[in-house]
Amino acid sequence: MEVPEEFEGDQPEELGPFAVRLNSLVGRLARLGISLLGSAELTVVGRRSGTPQRIPVNPHTHEGAEYLVSARGHSQWVRNMRAAGGGTLRLGRRTRAFHAEELPDNALKAEILRTYLARWGWEVNDYFQGVTARSPEADLLSACPDHPVFRITTTPQKK
């Protein structure tokens, strides 16, 4: 999926020192096998550097399918995922490789955002500019362009 023209030059807002430390802690815990309410560590190859980039994420299940939602918008991991087309999720010693497909801005994506906010809203509401799990569908649809969502499908491990 193409990056909307209005986002091509944007840099996501910088994380404050507390958020950087918290992300580092959550990522470290995931590497040790400790998940905070379902968190895992995402690794995706950097689109420019070619080196693996790691960040904690909250994989979200909706109607039996698994998704990654970017609460912070068109962030670096999103741009890397678009270029790489997949990555790995790690929790302790278990690592799952996956293929990622970005969803279009439609009613399905809005419903996924609704269930994501119902589960993770306490953590991410600040990034949704007043849109919550209880918002009308029109508000959720209007939030779709600002929050990329990827359907992830586990790929078989190479032996």
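Before reading on, note that the structure itself is shown above.
First, a word on scope: everything that follows refers to the structure included in this document.

Criteria and thresholds
Residues numbered from 1 in each chain as written. Predicted model: local features only at pLDDT ≥ 70, side-chain atom pairs only at ≥ 80, totals over all residues. Heavy atoms only, no water. Helix = DSSP H or I, 4+ residues; strand = E, 2+ residues; numbered from the N terminus. Buried < 20%, exposed > 50% of the residue type's maximum accessible area, 1.4 Å probe, protein only. Pairing = 2+ DSSP bridges. Axes fitted to C-alpha atoms, helices over the stretch in contact; angles between N-to-C directions. Contact = heavy atoms within 4.5 Å.

A few words on unusual backbone geometry. Excluding glycine, most residues fall at negative phi; most peptide bonds, likewise, are trans. Its identity as a non-glycine residue notwithstanding, Glu 63 has a phi of 50°, on the positive side. Assignment of secondary structure puts Glu 63 in the loop between strand S3 (60-62) and strand S4 (65-69). For Gln 129, which is not glycine, the phi torsion reads 45° and is therefore positive. By the element assignment, Gln 129 lies in the loop between helix H3 (107-124) and helix H4 (137-143). By relative accessible area, which is 69% here, Gln 129 ends up exposed.

This part covers the sheet that holds S3. On the basis of which strands lie adjacent, the open sheet formed by seven strands has the order S2-S1-S5-S6-S7-S4-S3 and antiparallel pairing. The two strands at the open ends of the sheet, each matched to only one other strand, are strand S2 (52-57) and S3. Averaged over all neighbouring strand pairs, the angle between strand axes comes to 40°, with direction disregarded. Inspection of the sheet shows strand S1 (residues 40-45) paired to S2 by six bridges, in the antiparallel sense. Bridging from a neighbouring strand, Glu 41 pairs with Pro 56 of S2. Seen against the sheet, helix H2 (residues 76-84) touches S1, S2, S4, strand S5 (86-91), strand S6 (94-102) and strand S7 (149-154) and runs at an angle of roughly 55° to S1. Running at roughly 125° to S3, H3 makes contact with S3, S4 and S7 of the sheet.

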